[in-house]
Amino acid sequence: MTNKKLLLSLFIGVALLQATVPLYMAWRWENILQTGRQFYWQTAPVDPADAFKGRYVELRFKEDTGPIIDQNNLLMGQLVYASIAENAEGKAYISGVSVNRPEQGPYVKVRAYANGQNTAHVTLPFTRYYLPEELAPAAEGAYRESAGKTGVAAVRIKDGYGVVEQLYIGDKPLYEFLRQSQ
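Note that the structure is predicted; figures quoted are calculated from it, not measured. (Residues numbered from 1 in each chain as written. Predicted model: local features only at pLDDT ≥ 70, side-chain atom pairs only at ≥ 80, totals over all residues. Heavy atoms only, no water.)

Caption draft 1: Local environment of the pattern of salt bridges. All told, the structure shown has two salt bridges when counted by the stated rule. Between Arg37 and Glu86 there is a salt bridge, with its nearest N and O atoms 3.3 Å apart. In this pair, Arg37 is assigned in strand β1 (residues 37–42) and Glu86 in strand β4 (residues 79–86), connecting sequence segments 49 residues apart. The partly exposed category is assigned to Arg37, whose relative accessible area is 42%. A relative accessible area of 36% places Glu86 in the partly exposed class. Arg156 is paired through a salt bridge with Glu165; the nearest N and O atoms lie 3.2 Å apart. Residue classification places Glu165 among the partly exposed residues on the basis of a relative accessible area of 29%. (Salt bridge = Lys/Arg side-chain N within 4 Å of Asp/Glu carboxyl O. Helix = DSSP H or I, 4+ residues; strand = E, 2+ residues; numbered from the N terminus. Buried < 20%, exposed > 50% of the residue type's maximum accessible area, 1.4 Å probe, protein only.)

Caption draft 2: Structural detail: the packing of aromatic side chains. A complete count under the given rule lists three aromatic pairs for this structure. An angle of 35° between the planes, with centres 5.9 Å apart, marks the rings of Tyr24 and Trp27 as tilted. With Tyr24 and Trp27 both in helix α1 (residues 2–35) and three residues apart, this pair spans about one turn of that helix. Taking 5.6 Å as the distance between ring centres and 75° as the angle between the ring planes, the aromatic pair formed by Phe61 and Phe126 counts as edge-to-face. Separated by 65 residues along the polypeptide, Phe61 in the loop between β2 (56–58) and β3 (65–67) and Phe126 in the loop between β7 (119–123) and β8 (128–130) bring together distant segments of the chain. With relative accessibility at 9%, the residue Phe61 sits in the buried group. Over the face of the ring belonging to Tyr161 we find Arg28, whose NZ or CZ atom lies 4.6 Å from the ring centre. (Phe/Tyr/Trp six-rings, centres within 6.5 Å; stacked < 30°, edge-to-face > 60°. Lys NZ or Arg CZ within 6 Å of the ring centre and 35° of its normal.)

Printed below as a string of structure tokens:
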């Protein structure tokens, strides 16, 4: 009798774990969108051959370097922390890169891919903006034409993670820009 109770308890525990893990994974990104701090990142021109894969716009950002805060040697591909700040125009930039997690202020977990003299180049973790398939061709063209001039991505950042909330062309959200240009 106790063997059956033990097996039943084990089964229920495993079933709860299996249900909890995917729910947590979805909740984490939604929580960032709801409660994360919003930053505006200026986008850079993209390679047209790699601009669109499936139903998302591939984003590249002008701000992908920052000063090294602590003098530890950064290794290529190492996980580091990029502190985020805003300039006078309200655009986000990397105010510092460190192997240690910042104790205060917004930051994202990034990979360092190059290390200049007191400067680190990093790969930002939010490079895709998803949208409905029927808008893909128009969005690709509009983004490619504006990137580097007026393309801006609104990104929510919380606890080291970032989620692209909106892509702007000029001062209009992408969906509104596409609706007005049709």
